[in-house]
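Commentary on secondary and tertiary structure
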Amino acid sequence: MTVAKLRRGRRIKGEKGQYAYGAPPYGWQAHKKELTPEDMEQAGRARGRQLRDEEGLSYREIAAALDAEGLRPKRGEHWHPETVRRMLANQSDRPPTLRRRERTA
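Summarised in this report is the structure supplied together with it. (Residues numbered from 1 in each chain as written. Predicted model: local features only at pLDDT ≥ 70, side-chain atom pairs only at ≥ 80, totals over all residues. Heavy atoms only, no water.)

This paragraph deals with the packing of aromatic side chains. Describing an aromatic ring pair means giving the distance of the ring centres and the angle of the ring planes. One pass over the structure, following the stated rule, counts one aromatic pair. Aromatic pair Tyr 26 and Trp 79: ring centres 5.0 Å apart, planes at 75°, arrangement edge-to-face. Here Trp 79 lies in the loop between α3 (59-68) and α4 (81-89) and Tyr 26 lies in the loop between α1 (2-15) and β1 (28-31), a separation of 53 residues in the sequence. Taking relative accessible area as the criterion, Trp 79 reaches 7% and is therefore assigned buried. (Phe/Tyr/Trp six-rings, centres within 6.5 Å; stacked < 30°, edge-to-face > 60°. Helix = DSSP H or I, 4+ residues; strand = E, 2+ residues; numbered from the N terminus. Buried < 20%, exposed > 50% of the residue type's maximum accessible area, 1.4 Å probe, protein only.)

Below is the structure:
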């Protein structure tokens, strides 16, 4: 019952346009129950996309380039290839928690 209540509460909060899903993803910060873009992290997302799309670098190479350029991850000292992959998985400019999730078969 507790899990169902929490899910329902998060769903209702999300329908109101508020944020209720834990730590904000890279590129956003929680501010007054809403996610707002964080400029330095948005620059990191844009640079990572540019390195992948225009230069065709691997996640490991992108991580090394972001470290060399002084762009830091949300947590930790250095980028990890899996962190880069997750960051680049969201193609839109909206946080992934505010998009409607599609069910896979």
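Another aspect to go through is the pairing of strand β2 (residues 34-37). Pairing analysis gives four bridges linking β1 to β2, with the strands arranged antiparallel. Note on β2: the bridge partner recorded for His 31 is Glu 34. Two successive antiparallel strands, β1 and β2, enclose a turn made up of two residues, where Lys 32 displays a positive phi of approximately 55°. (Pairing = 2+ DSSP bridges.)

What follows deals with the nonpolar core. Counting eleven residues, the largest nonpolar core consists of Tyr 26, Leu 51, Ile 62, Ala 63, Ala 65, Leu 66, Leu 71, Trp 79, Val 84, Met 87 and Leu 88. Where this core is concerned, the elements lending two or more residues are α3 and α4. Among the elements that make up this core, the one with the highest residue count is α3 (four residues). Beyond its immediate sequence surroundings of up to four residues, Ile 62 is in contact with Gly 48, Leu 51, Arg 52, Leu 57, Val 84 and Leu 88. (Core = buried A, V, L, I, M, F, W, Y, C linked by side-chain atoms within 4.5 Å. Contact = heavy atoms within 4.5 Å.)

To continue, consider the packing of helix α2 (residues 39-53) against α3. Where α2 contacts α3, the two axes come as close as 10 Å, and the packing angle between them is 135°. In terms of axis orientation, α2 runs oblique to α3. Of the two elements, α2 crosses α3, and the hand of that crossing is right-handed. Residue-level inspection shows Gly 44, Arg 47, Gly 48, Leu 51 and Arg 52 of α2 in contact with α3, the latter providing Ile 62, Ala 65 and Leu 66. Of the residues in the contact of α2 with α3, the class split is four nonpolar, two polar and two charged. (Axes fitted to C-alpha atoms, helices over the stretch in contact; angles between N-to-C directions. Parallel < 35°, antiparallel > 145°, perpendicular 65-115°, else oblique. Left-handed = near helix turned anticlockwise from the far one by under 90°. Nonpolar A, V, L, I, M, F, W, Y, C, P; charged D, E, K, R; others polar.)

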